[in-house]
Structures are given as structure tokens and as C-alpha cells.
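Remarks on the overall topology
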Amino acid sequence: MADHPLVAMDFPPFEHLLYYEKVHGARLNISYSNIREFHLDGFGRRLPRDLDLNWTFRNGTPELRRLIARRHHANSQQVLVTTGATEGNFLVNASLVHPRDRVLVDVPIYSPLRDVPRGVGANVIEIPRDCRNGWRLDLDRWRKLAARKAPFRELAFDDTSPSVAEFGPRMIALSTVTKVCGLGTLRVGWIVGAPDLLDRFAGVKDYTTGGGSVLSQTIATWALGRWDFFLRRAKRILDVNRRIAMEALRETPALQGAVPSCGSVLFPHSTVNVAKLANRLLKQHRTVIAEGRFFGVPDHFRLGLGGETQDLKRGLANLRRLLRSAF
Ligand SMILES: Cc1ncc(COP(=O)(O)O)c(C=O)c1O
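Residues numbered from 1 in each chain as written. Predicted model: local features only at pLDDT ≥ 70, side-chain atom pairs only at ≥ 80, totals over all residues.

1. Brief notes about the overall build of the chain
Heads up, the condition is: Strands are runs of DSSP state E lasting at least two residues, helices are runs of H or I lasting at least four, and both sets are numbered from the N terminus onward. We compute the radius of gyration from the C-alpha atoms alone; for a globule the expected value is 2.2 Å times N to the 0.38, where N is the number of residues. Three exposure classes are used, all based on how many other C-beta atoms lie within 10 Å of a residue's own C-beta (placed from the backbone): buried at 20 or more, exposed at 12 or fewer, and partly exposed between those limits. By the convention adopted here, residues make contact when the C-beta atoms placed from their backbones lie within 7 Å.
The helix and strand inventory of the chain stands at ten helices and twelve strands. Computed over the C-alpha atoms, the radius of gyration of the chain is 20 Å, within 12% of the 20 Å expected from 2.2 N^0.38 for a compact globule of 327 residues. Projecting the C-alpha coordinates of the chain onto the three principal axes gives extents of approximately 55 × 55 × 35 Å. Per-residue burial for the chain yields a buried fraction of 38% across its 327 residues. Relative to all contacts within the chain whose residues are 6 or more apart in sequence, the contacts with residues 24 or more apart total 71%.

If you want it as C-alpha cells, here you go:
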């Protein structure tokens, strides 16, 4: 790619998102990484009738920033509210990454973390993990890690690691209300980092969304105010679903791998071709799994543990039935 400031950006298609668009009407989707949806009436509150719908704050509403800062042991000046973690990821890359920069990424990976830096011209180096040693991070290969994204960090509950933002001015934390709370359509995420970096991100955000939705940020403020409630809710759901997934894996020889004790997803290894498996599962049982190719591990697939327990049971039963009969 020519080293020219006006060089065209070239973003690979977001295959995983396009796939979800395609299979939207399917009966069961047991691959989502969110905790199941939360409904507005669960807050038991009304939106303020005098909410000013004509003004928004460039960096996010002050109360929301304060609550986010508290969760990261930071201060409000270190918080920039974004349109989901998706925009946060884009802003960080668009601001800091230049054509031909080296960007290290962890694999399996949520593809935008790999493909946005690729889109702005970086030389992306994938550092694979291996399921045979429990997906352990190969620390020796991670000498120069500058940013880490952790929308699932708090789904480790008692074992929650500190926010990376606490490790110094070169570290950036990204998160969202999507995963823990099941509030994805609010499109509220955030970046926590040093104020000089946030200024750069905000400067790009001025051209993407400007200020975010005050309506969404009001509801997200309610959620941040009840974060411990959301963590308890998530834990309750995940504990039950984790046991169900463990049982299913134990009884399915074609699938290998442990159910992790934290987070909301697992990536079993499949001895049968994953593309064929996903295709037949969709056609014969209207059930969706997320093929590992979306995450850089084609002989695996992703299952989500945050959904309705009955759906997970039915979806896993379909998966096992198919594996017994067709392969
Ligand atoms: C690692 C990761 N980051 C970000 C997102 C999207 O977050 P948001 O809905 O806040 O844009 C996802 C959704 O699957 C994800 O897995």
C-alpha cells in the first residue's frame, strides 16, 4: 500500500455479522456472546419527561462517565463514551495505527479487532492460541502489547482481573453494556485511557457519531448504576448454562474442549467439518452456531452461554442428534 495520507482504506467484509444477517430468521441461535436481552421495564423507571433531545455531550453524559470511571478505578477525564465497543475499536485504530504498523492480535479473535487495523493498512500479526493447552496465552510472543479490549472481563466474577487502564498511560480499556447487561441495541460502549489519547479518539469520533444518543446514555446510566445486579444476573444464567454445555460436551465424542470457567462463550474443537456441520444444523434444525473461521480457528465453532437455558438445551440436542446421524 502506498505511503500516502490519502490512501484508500480497505476493510475486509465483516463475515460474522453478514452471516447473522443471513440467518436472522432461524429458530435457535446458540452462538451469541451476549447475556440474554434485558427489557426496558426491568428497570422499573420512566425516562425523564423533560429529557433534552436536542443536546448531546461530545464525550458522553457526565453521570455515565462518572459511573464508568468508578468501575475502572479511573476518573471521568479518562472516559470517552462511544457507540458501542465497535466504535471504540474503530476510533483507537483510526487514531493510532498507520499504514505498515505492526499490530499483534490474539487468535481466536473477534474479527473487527483484526480487520479494522488491516483496513487502515497495518501489518497484522496473528498470535494463535492452542486449545490443547487450554487456550493459554503465549506470553513470550507478546512483548509489545499496547491495547487490550475486554468487554467480557467482568464475566470472570470473583476472579475479575484489574482493568488494563490501571496499568499506566499507554494502556487502553474498551468495554460496553452489550455483553454483561444484554443491552446491545443501546449501542453504548466506552474507552478508558489517558486524556491526551482520548482527545485524539474524540477528534475522530466527531466525524463518526459526534456525540452519542442521550436517550441510550440515560438508560446505560441506569444500567451502570445497577452493575452488580447485572453481574449477579449474568452469573446466574452462565452457571446454569455452563453445566448444560459441560454435560453435552461430555456426551459428544465429536466435540472436544473444556467449558471455560469465565466469560460467556466456548470454542469446542470439532472432528467433523465445521462448515458442513453448521450448514446442516441450520437447514435441518434451524439452529445457528458460529463457525470458527469467523474467529481464525476453522476447526472449532463458537457456542454462547448467555442465552435462554431452554434454547441452549434444544440447540445442543439438535447438534448432538445431527452428529450422531449424519457424520
Ligand atoms: C470482543 C467484542 N467486542 C465488541 C463487540 C461488540 O460490542 P458492541 O455491541 O458494544 O459494539 C463484541 C460483540 O460480539 C465482541 O465480541
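More follows now that the structure is in view.
2. Description of the sheet that holds strand β12 (residues 301-304)
For clarity, the cut-off: Two strands make a pair as long as DSSP finds a minimum of two bridges between them.
Judged by pairing direction, the sheet is antiparallel, and its three strands sit side by side in the order β8-β12-β11 without closing on themselves. Each edge of the open sheet carries a strand with a single partner, namely β8 (265-266) and β11 (290-291). Relative to β12, β8 runs antiparallel, the two sharing two bridges. Bridge pairing in β12 places L266 opposite L303.

3. Some points on the site of the ligand
Spelled out, the test is: A molecule or strand has a residue near it when that residue's C-beta atom, placed from backbone coordinates, lies within 6 Å of it. Ten residues, namely Ala, Val, Leu, Ile, Met, Phe, Trp, Tyr, Cys and Pro, are considered nonpolar, four, namely Asp, Glu, Lys and Arg, are considered charged, and the remaining ones, Gly among them, are considered polar.
Taken together, the neighbourhood of the ligand is formed by eleven residues, with G84, T86, Y110, T176 and T178 sitting nearest. Counting residues per element, the shell around the ligand draws most heavily on helix α3 (residues 84-96), at three residues. Its residues assigned to classes, the shell around the ligand shows three nonpolar, seven polar and one charged.

4. Things to note about helix α2 (residues 62-71)
Defined as follows: It is the directions from the helix axis to the C-beta atoms that the arc portrays.
Those residues of α2 lying buried are L64, R65 and I68. In a view along the axis of α2, the buried residues occupy a sector of 95 degrees, so they form one face of it. With its phi angle positive at about 50 degrees, H73 sits one or two positions after the end of α2.

5. Thoughts on the domain arrangement of the chain
Going by this rule: How far each domain reaches was decided by an automatic or database domain assignment.
For the chain, the assigned domains read domain 1 (15-33 + 229-326) and domain 2 (56-128 + 135-225). Computed from C-alpha atoms alone, the centre-to-centre distance between domain 1 and domain 2 is 26 Å. Listing elements by their share of the side of domain 1 that touches domain 2, those giving two or more residues are α1 (15-22) and α8 (227-250). By residue number, the principal contributor to the side of domain 1 that touches domain 2 is α8, which donates four residues. Split by residue class, the side of domain 1 that touches domain 2 holds eight nonpolar, five polar and two charged.

6. Side note on unusual backbone geometry
Between V107 and P108 the backbone carries a cis peptide bond, its omega angle lying at 10 degrees. Here P108 shows up in the loop between β3 (102-107) and α4 (112-119). Phi at R187 is positive, roughly 55 degrees, even though this residue is not glycine. If you check the backbone angles, R286 has positive phi at about 50 degrees while not being a glycine. Residue position: R286 is located in the loop between α9 (274-285) and β10 (287-288). For R286, a count of 15 C-beta atoms within 10 Å corresponds to the partly exposed category.

7. Overview of the packing of α2 against helix α7 (residues 214-225)
The condition that has to hold: To get an axis, a line is fitted to the C-alpha atoms, and for a helix only the part in contact is used. The angle between two axes follows their N-to-C directions and goes from 0 to 180 degrees. Oblique is the label for any angle not under 35 degrees, not over 145, and not in the 65 to 115 range, which are roughly parallel, roughly antiparallel and roughly perpendicular in turn. Handedness of a crossing follows from how the near helix is turned relative to the far one, being left-handed for an anticlockwise turn of less than a right angle and right-handed for a clockwise one.
For the pair α2 and α7, the least separation of the axes is 9 Å and the interaxial angle reads 30 degrees. Taken together, the axes of α2 and α7 are roughly parallel relative to one another. In terms of crossing hand, the pair formed by α2 and α7 is left-handed. From α2, E63, L64, L67 and I68 reach across to α7, where they touch Q217, A220, T221, L224 and G225. When grouped by side-chain class, the residues that make up the contact of α2 with α7 number five nonpolar, three polar and one charged.

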